[in-house]
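# Tertiary structure, described
As a plain string of letters, each chain reads:
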Amino acid sequence: MEGGKLIIFSAPSGSGKTTIVRYLLEQPELNLAFSVSAASRPPRGQEEHGKHYYFMTVSEFKKHIKNDDFLEWEEVYRDNFYGTLKREVERLWADGKNVIFDIDVAGGLRIKKKFPEQTLAVFVKPPSVDELKIRLKKRSTESDDKINMRIAKASVELATAPQFDKVIKNYDLDMALKEAKALVQEFVAPTKKVKKKQK
Ligand code: 5GP
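Residues numbered from 1 in each chain as written. Predicted model: local features only at pLDDT ≥ 70, side-chain atom pairs only at ≥ 80, totals over all residues. Heavy atoms only, no water.

Structurally, the position occupied by L120 is in strand β8 (residues 119-125). Classification of L120 as buried rests on a relative accessible area of 6%. Taking C-alpha positions, L120 is 4.9 Å from I7, a pair spaced 113 residues apart along the chain. The residues touching L120, leaving out its near neighbours within four places in the chain, are L6, I7, I8, D165, K166, L183, V184 and F187. (Helix = DSSP H or I, 4+ residues; strand = E, 2+ residues; numbered from the N terminus. Buried < 20%, exposed > 50% of the residue type's maximum accessible area, 1.4 Å probe, protein only. Contact = heavy atoms within 4.5 Å.)

Written out as structure tokens, the structure is:
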């Protein structure tokens with residue numbers, strides 16, 4: 001596989017990375033397309049098959065693992081498998097797009113390792129684990145058990161931040177959006193640095 005650029009946004013659940021990724025997708029000059037992942041969990045709220053995820057059963061997911069169809073995959077939570085299909089990225093590259101991912105920390109770092117030069121890996125940091133708890137409860141799309149599972153994972157994920165190319169602190173959403181856009185812009189279309197002529 002080879003092709004265009006890959007932009008990864010990883011963070012604990014509830015950090016706001018999905019909001020940031022959606023905002024970036026609305027910026028035409030970045031020429032981004034979203035990598036729709038495969039997932040073995042049921043759709044939440046307004047989620048649609050083929051737009052937010054390719055929803056499938058655990059056994060369908062395992063068949064794809066066996067066929068080596070994934071660029072990366074993770075059992076992010078027990079029996080909740082998520083993965084990036086190679087053909088999804090190939091399709092978007094064939095369209096001439098830069099591909100943006102909203103994936104978990106382990107998956108993000110795996111892609112960075114596979115395509116070190118082509119990939120910008122960004123970690124989105126929430127203000128605190130307590131704030132994450134508040135955000136997840138506000139979202140109220142899941143049971144307390146599921147929320148607690150996500151929070152338990154968050155502390156482990158926060159420790160991986162230094163392995164990413166860049167860390168964005170999402171304490172103030174507007175600032176985080178601006179920072180994210182500038183980072184991606186510079187990565188997909190670097191501004192040329194003009195050398196000063198020596199006198
Ligand atoms: P959610 O259930 O909230 O949609 O996603 C749970 C976690 O799985 C999030 O951190 C999300 O970014 C991550 N995720 C979504 N798609 C993928 C994927 O293709 N691969 C990996 N490794 N994680 C993913």
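And the narrative resumes.
The next subject is the sheet that holds strand β5 (residues 70-77). Taking strand neighbours across the sheet as the criterion, the 4 strands line up as β4-β3-β6-β5 in an open arrangement whose pairing is mixed. Where the open sheet ends on each side, the last strands, each with one partner, are β4 (53-55) and β5. Here the average twist between neighbouring strands, direction ignored, is 25°. Of the pairings in the sheet, the one linking strand β3 (residues 37-39) to strand β6 (residues 80-85) comprises 2 bridges and is antiparallel in character. From the neighbouring strand, A38 faces β6, where its bridge partner is G83. Sitting on the sheet, helix α4 (residues 105-114) touches β5 and β6, and the angle it makes with β5 is about 160°. (Pairing = 2+ DSSP bridges. Axes fitted to C-alpha atoms, helices over the stretch in contact; angles between N-to-C directions.)

Looking now at the packing of helix α5 (residues 129-139) against helix α6 (residues 144-158). Viewed as axis vectors pointing N to C, α5 and α6 meet at an angle of 150°, and their least axial separation amounts to 10 Å. Considering their axes alone, α5 and α6 lie roughly antiparallel with respect to each other. Seen from above, α5 lies across α6 with right-handed handedness. For the pair α5 and α6, the contacting residues are V129, L132, K133, L136, K137 and R139 in the first and D144, I147, R150, I151, A154, S155 and L158 in the second. (Parallel < 35°, antiparallel > 145°, perpendicular 65-115°, else oblique. Left-handed = near helix turned anticlockwise from the far one by under 90°.)

Next up on the list: the packing of helix α1 (residues 17-25) against helix α7 (residues 173-188). Running from N to C, α1 and α7 cross one another at 55°; their axes reach a closest spacing of 10 Å. Between α1 and α7, the angle is such that the two are oblique. Between α1 and α7 lies a crossing whose hand is right-handed. Between α1 and α7, the residues in contact are T19, I20, Y23 and L24 and L173, A176, L177, A180, K181 and V184, respectively. Among the residues making up the contact of α1 with α7, the classes are represented as 8 nonpolar, 1 polar and 1 charged. (Nonpolar A, V, L, I, M, F, W, Y, C, P; charged D, E, K, R; others polar.)

This part takes up the sheet that holds strand β1 (residues 6-10). Taking strand neighbours across the sheet as the criterion, the 5 strands line up as β2-β7-β1-β8-β9 in an open arrangement whose pairing is parallel. A strand with exactly one partner marks an edge of an open sheet, and here the two such strands are β2 (32-34) and β9 (166-169). Neighbour to neighbour, the strand axes of the sheet diverge by 25° on average, direction disregarded. Relative to β8, β1 runs parallel, the two being bridged by 5 bridges. Considered in β8, the bridge of S10 is made with F123. Taken strand by strand, helix α3 (residues 86-94) contacts β1, β2 and β7 (98-102), and its axis lies near 145° from that of β7. Across the face of the sheet, α7 comes into contact with β1, β2, β7, β8 and β9 while running at roughly 160° to β9.

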